[in-house]
Amino acid sequence: MRRVLIFVRGRVQGVGFRWWTRARALELGLVGHAMNMADGRVEVCAQGEPAAVDALIALLREDPSTRSRPGRVDGVVVQEHPVRDGLTGFRER
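Ile6, Val8, Phe17, Leu30, Val44, Leu56 and Leu60 are the most contacted members of the largest nonpolar core, which has 21 residues in total. Breaking this core down by element, the ones donating at least two residues are β1 (2-11), α1 (17-27), β3 (42-48), α2 (50-61) and β4 (72-81). Residues contacting Phe17, with those up to four places away along its chain left out, are Val8, Val12, Val42, Leu60, Arg69, Pro70 and Val73.

Shown next, in the form of structure tokens:
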């Protein structure tokens with residue numbers, strides 16, 4: 001298992017980006033959340049099989065998007081974190 005926090009910069013608020021991220025995460029079998037931040041970024045917490053986490057990161061970084069990602073991504077920063085027990089579902093916050 002792998003858990004990461006992903007900080008996505010660009011035009012990612014108010015365009016359906018969190019909903020799209022949640023849908024892709026659920027397709028990949030990940031748990032976590034996507035949350036708007038006060039500075040305009042979106043924070044994505046993703047936990048699951050390492051290959052699935054890598055796939056989500058790749059989808060967030062992909063330019064141009066082959067999966068109709070809304071908005072515009074200008075940068076993606078990934079931070080590794082310890083795996084947490086008891087996380088379920090993937091939520092938009």
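Applying the stated criterion across every chain, the model contains six salt bridges. A salt bridge links Glu27 to Arg24, with the shortest nitrogen-to-oxygen separation between them at 2.9 Å. Here Arg24 and Glu27 lie together in helix α1, a separation of three residues that amounts to about one turn. Between Arg67 and Glu27 there is a salt bridge, and its shortest N-O distance comes to 2.8 Å. Taken together, the residues span a long stretch of sequence, with Arg67 in the loop between α2 and β4 and Glu27 in helix α1 at a distance of 40 residues. A single salt-bridge network, built from bridges that share partners, covers Arg2, Asp54 and Glu80.

Analysis parameters
- Residues numbered from 1 in each chain as written.
- Predicted model: local features only at pLDDT ≥ 70, side-chain atom pairs only at ≥ 80, totals over all residues.
- Heavy atoms only, no water.
- Core = buried A, V, L, I, M, F, W, Y, C linked by side-chain atoms within 4.5 Å.
- Buried < 20%, exposed > 50% of the residue type's maximum accessible area, 1.4 Å probe, protein only.
- Helix = DSSP H or I, 4+ residues; strand = E, 2+ residues; numbered from the N terminus.
- Contact = heavy atoms within 4.5 Å.
- Salt bridge = Lys/Arg side-chain N within 4 Å of Asp/Glu carboxyl O.

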